[in-house]
Structures are given as structure tokens and as C-alpha cells.
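What follows is each chain in one-letter form.
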Amino acid sequence: MSADMKFLVVDDFSTMRRIVRGLLKEIGYQNCEEAEDGVEALNMLKGAKFDFVVSDINMPNMTGFQLLTAIKADPNLKHLPVLMVTAEARKEDIVLAAQSGAAGYIVKPFTKATLEEKVLKIMQKMAAAA
């Protein structure tokens, strides 16, 4: 797990992207880019190398679930861990996230500690699977 990992933060609210980006910086991840919806995110993922995706679920144009499905269906991207972010912790969302291949799930508003713990847990799982 290295500090130069590249994160893509996907959310239709720029304030939320800024918050997540700020928290990642505090944790020690400086390398962050932003996308405002799943469509933009997918184009960015196909065009450059990223290591980790943090995506909101409710977005216009392409939801977080649609983005997740597209990532998992792409042989070049399916290895990417996707941490889903949502405002409401609905049980069906959690189940769908897991079934669709999300690496984890986090509910807004969240603290730096929660984000850090989730990211670490996902990294450990990936290291174990590698």
C-alpha cells in the first residue's frame, strides 16, 4: 500500500468531492482526481491508470451502481477496488453493492477515521488476494 496510489473520486456534488479528496490527503494520499458522474469517471478510467475508485451511488447520467457494473465488466478495469458512498444506508443498496463487486460501502457523512479504516481494509484484502 503506497502513498502514490491514484484515486478517482466520483460524485455529482463538487463539495463532496472536495471533502473526500481532502480526507484522502489527510490520510496521506495526494494523488486524486475527480469526476462528476459515472460517464466521466469511466472515460477517465479507460484513459489513464487509477488504483482506487471512491464513488457516490446517486448521480445523474450514470449511477454509482452502473459505473461499478461497467468497471467489473471491463477486463482492464475489473481489478479496481470500488468504495461506494451513499447518503442512506439502505439494506438493498448494501446487498447490491456487495453482489455487484464493490470492495466496500460507506455512509455519508463519514469521518477521516472511517474512510481510512475502509480503505485500509480494502487494501489488505487485495494484498491477500494478490
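Residues numbered from 1 in each chain as written. Predicted model: local features only at pLDDT ≥ 70, side-chain atom pairs only at ≥ 80, totals over all residues. Heavy atoms only, no water.

**Q** Mind showing me how you'd approach the environment of leucine 96 here?
**A** Within the secondary structure, leucine 96 is located in helix H4 (residues 91–99). Taking C-alpha positions, leucine 96 is 8.2 Å from phenylalanine 65, a pair spaced 31 residues apart along the chain. (Helix = DSSP H or I, 4+ residues; strand = E, 2+ residues; numbered from the N terminus.)

**Q** How do you make sense of the environment of glycine 47 when you look at a structure like this?
**A** By the element assignment, glycine 47 lies in helix H2 (residues 38–47). Overall, glycine 47 belongs to the exposed group, its relative accessible area being 65%. (Buried < 20%, exposed > 50% of the residue type's maximum accessible area, 1.4 Å probe, protein only.)

**Q** Any chance you could explain the pairing of strand S3 (residues 52–56) here in plain terms?
**A** Side-chain positions along a regular strand alternate between the two faces of the sheet. With 5 of its 5 residues buried, S3 lies for the most part within the structure. Neither face of S3 is open: one carries Phe52, Val54 and Asp56, the other Val53 and Ser55, and all of them are buried. For strand S1 (residues 7–10) and S3, the ladder comprises 4 bridges, and the chain directions are parallel. Paired with valine 10 across the bridge in S3 is serine 55. The sheet contact formed by S3 and strand S4 (residues 82–86) spans 4 bridges and is parallel. Across the sheet, serine 55 pairs through a bridge with methionine 84, a residue of S4. Each parallel crossover has a hand, and for S3 linked through helix H3 (residues 64–73) to S4 it is right-handed. (Pairing = 2+ DSSP bridges. Right-handed = clockwise from strand over helix to strand, strands pointing away.)

**Q** I would appreciate a short explanation of the packing of aromatic side chains in the present structure.
**A** Counted under the stated rule, the structure contains 2 aromatic pairs. Plain terms: the ring middles of phenylalanine 7 and tyrosine 29 are 4.7 Å apart, the flat faces sit at 50° to each other, and that makes the pair tilted. Separated by 22 residues along the polypeptide, phenylalanine 7 in strand S1 and tyrosine 29 in the loop between helix H1 (14–27) and strand S2 (32–35) bring together distant segments of the chain. Of the two residues examined, phenylalanine 7 and tyrosine 29, each falls in the buried class. Among the aromatic side chains, those forming a connected cluster through ring pairs are Phe7, Tyr29 and Phe52. Sitting above the plane of the phenylalanine 50 ring, lysine 6 keeps its charged end 4.4 Å from the centroid. (Phe/Tyr/Trp six-rings, centres within 6.5 Å; stacked < 30°, edge-to-face > 60°. Lys NZ or Arg CZ within 6 Å of the ring centre and 35° of its normal.)

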